[in-house]
Every structure is written in structure tokens, then in C-alpha cells.
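Listed here are the chains, written in short residue letters.
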Amino acid sequence: MAAFAVTTSPLVRRYTREEFWTLANPPGGGHDELIAGVLYIVPPPDWPHTTAGSRLNRLFSSYLVTHPELGELFVPRAAIWTAADTYLEPALMFVSAERLKQMDPGRLTTADLVVEALSPSTAVYDRTTKADTCAALGVGELWFVDTVKQTIEQWVLGAEAWERTPMYASGEVLSAICLPGLTCEGRAIFA
């Protein structure tokens, strides 16, 4: 009897973007994401996630009011998607004016900065599959806001992989790479 090769790859159905758009929303308020044709069901955010997202939205919006020429802030339900088989909905993303000029109107294919508020149910997915996809799409900076540990991780895309900075605790100040002068103190997000 022949031995079977061990694999961790599940048998999954691959979806095209057109098929993906015909799917009903998952029950309970979450949303679906598509990565290389594979469907991922993302549960709805919990209260700490929602609150952190709201505070980050305020922080970025205040900064961009004084620097409107830099680009646009996109909030939940805005998506990065490719023509074939990838569709992501980050918690928050910034796209520079330069990048917006290079994209087709109404279709975001990348971002300069993506922020993900981690939940215990999504942390592994966000730090692995979603982070790898963001890198492949050319996202330059990625923040992970951990509402349980009250930390922020900042990853910057290097020549070959994500370069990770030390975690920022609640009382520490993180400086954005792609938005000069934008700082984020964890205490303001987690208070």
C-alpha cells in the first residue's frame, strides 16, 4: 500500500471575485474576505475592537484635516481588491494621493498603511495570511492594534519581508512611517 504525503492544506473551493460578490453576508454581522480565491469568514468586531477603531479613525482624520494633500483615509467596508481573486476589508487604511492617481477610480488595489484591530478570534489570521497578502499587494506599513494586550505592533515592508519594530505599550508613542508627523500614543487608543 502506498503512503500518502502528509499535508496541512485543506480541501477548499476556490472562488472567483464574481462568485465571491454573489455570496450572502455571513450571519451575525461579520464579513467575508477572499485571498487567492480562498474564502475567509471574519467574525464581527467586539466592543474593544470597535472602540479602538473609532479612536484611530479620529486620530487619522484629525491629522489629515491639516494635511489633506497627502491622501485619503478609508474606513471599514472599504476594500483592497484585485481583478481576479482577492478582496480584503482592513479595519482602517490610508492611501496616498500619489497611489490614488495610479489606480482606477473606485478600485483600491493597495494602500500605504493598513491598520488591523486584533481580536482573539482573528489575530492569527491577521498576522499571517492577511499580513502576507498585504505584503504581496505592496502595502508599505501595517499596524496591529491588540486590544487585549493593549499594544501596537508596527510592521514596515522591507526589500524581502516585513520588518517588525518593538511592540509599543499603552504609554509609548508610535510614529507613522508613511505619514510624517503622525504619532499615536497607545493610551489614547486603549483608554
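Nothing here was measured: the structure is a model prediction, and the numbers come from that model.

Secondary structure assignment for the chain yields five helices and 13 strands. A compact globule built from 191 residues would reach a C-alpha radius of gyration of about 16 Å, and the chain, at 17 Å, matches this within 12%. Its C-alpha atoms give the chain principal-axis dimensions of roughly 65 × 40 × 40 Å. Evaluated residue by residue, the chain yields a buried proportion of 43% over its 191 residues. Counting every atom, the chain has about 10,500 Å² of accessible surface; 59% of that belongs to carbon and sulfur. Charged side chains in the chain number 14 positive and 22 negative. The centres of these two groups are separated by 3 Å.

With that settled, consider unusual backbone geometry. With a phi close to 50 degrees, alanine 36 is a non-glycine residue in the positive phi region. Phi is positive for arginine 77, close to 85 degrees, though the residue is something other than glycine. By the element assignment, arginine 77 lies in the loop between strand E3 (71-74) and strand E4 (80-81).

With that settled, the discussion passes to helix H4 (residues 123-136). With 14 residues, H4 should reach 20 Å at 1.5 Å per residue; the first-to-last C-alpha distance of 19 Å fits that figure. Of all the bends found along H4, the most pronounced is centred on lysine 130 and spans about 35 degrees. Buried within H4 are the following residues: Ala123, Tyr125, Asp126, Lys130, Ala131, Thr133 and Cys134. The first or second residue beyond H4 is glycine 138, which carries a positive phi of 85 degrees.

Compared with an ideal rise of 1.5 Å per residue, which puts 20 residues at 28 Å, helix H2 (residues 47-66) spans 29 Å between its outermost C-alpha atoms and is within 8% of the ideal. Turning to H2, its buried residues number three or more, namely His49, Thr51, Ala52, Leu56, Phe60, Tyr63 and Leu64. Against the buried residues of H2 lie E3, strand E6 (92-96), strand E7 (113-118), strand E8 (141-146), strand E13 (183-185) and helix H5 (186-190). Of the residues that open H2, the one with a side-chain oxygen 2.9 Å from the backbone nitrogen of histidine 49 is aspartate 46.

A word on the pairing of E7. Residues in a regular strand project their side chains so that they alternate between the two faces of the sheet. The buried fraction of E7 amounts to six of the six residues, a majority that puts the element mostly inside the structure. Across the two faces of E7 the burial is the same, with Leu113, Val115 and Ala117 and Val114, Glu116 and Leu118 all buried. Bridge count for E6 against E7 is three bridges, and the pairing is antiparallel. If you follow leucine 92 over to E7, its bridge partner there is valine 115. Sheet topology places E7 next to E8; six bridges connect them, and they run parallel. The residue of E8 that forms the bridge with leucine 118 is aspartate 146. For the crossover that starts at E7, traverses H4 and ends in the parallel E8, the hand is right-handed.

Here is what the cut-offs are and how they apply
- Residue indices begin from 1 for each chain and proceed along its sequence in written order.
- Where local features are concerned, this predicted model is filtered to residues with pLDDT of at least 70; where side-chain atom pairs are given and counted, the filter is 80 or more; whole-chain, interface and lining totals use all residues.
- Calculated side-chain values reflect all of the structure's heavy atoms, with hydrogen atoms and water omitted.
- Only DSSP runs of H or I reaching four residues or more are called helices, and only runs of E reaching two or more are called strands; each is numbered from the N terminus.
- Our radius of gyration looks at C-alpha atoms and nothing else; its globule reference is 2.2 Å times the residue count to the power 0.38.
- Exposure classes here rest on a 1.4 Å probe applied to the protein chains alone. A residue is buried below 20% of its type maximum, exposed above 50%, and partly exposed in between.
- Where accessible areas are quoted, they stem from the Shrake-Rupley method and a 1.4 Å probe; at the residue level, only the protein chains shown are allowed to cover.
- As used throughout, the charge tally considers Lys and Arg to be positive and Asp and Glu to be negative, leaving His and the chain termini uncounted.
- To locate a charge, take atom NZ for lysine, CZ for arginine, CG for aspartate or CD for glutamate.
- To estimate how far a helix should extend, the number of its residues minus one is multiplied by 1.5 Å.
- Note on bend: at a given residue it equals the angle between the axes fitted to the 7 residues ending there and to the 7 starting there.
- By the convention used here, residues are in contact when the closest approach between their heavy atoms is within 4.5 Å.
- Contacts described as polar in this section are N or O atom pairs within 3.5 Å, which, within protein, must combine one atom able to donate a hydrogen with one able to accept it, while residues neighboring in sequence count only if both atoms come from side chains.
- For two strands to be treated as a pair, DSSP must find no fewer than two bridges joining them.
- The crossover handedness rule: strands pointing away from the viewer, path from first strand over the helix to second strand clockwise, crossover right-handed.

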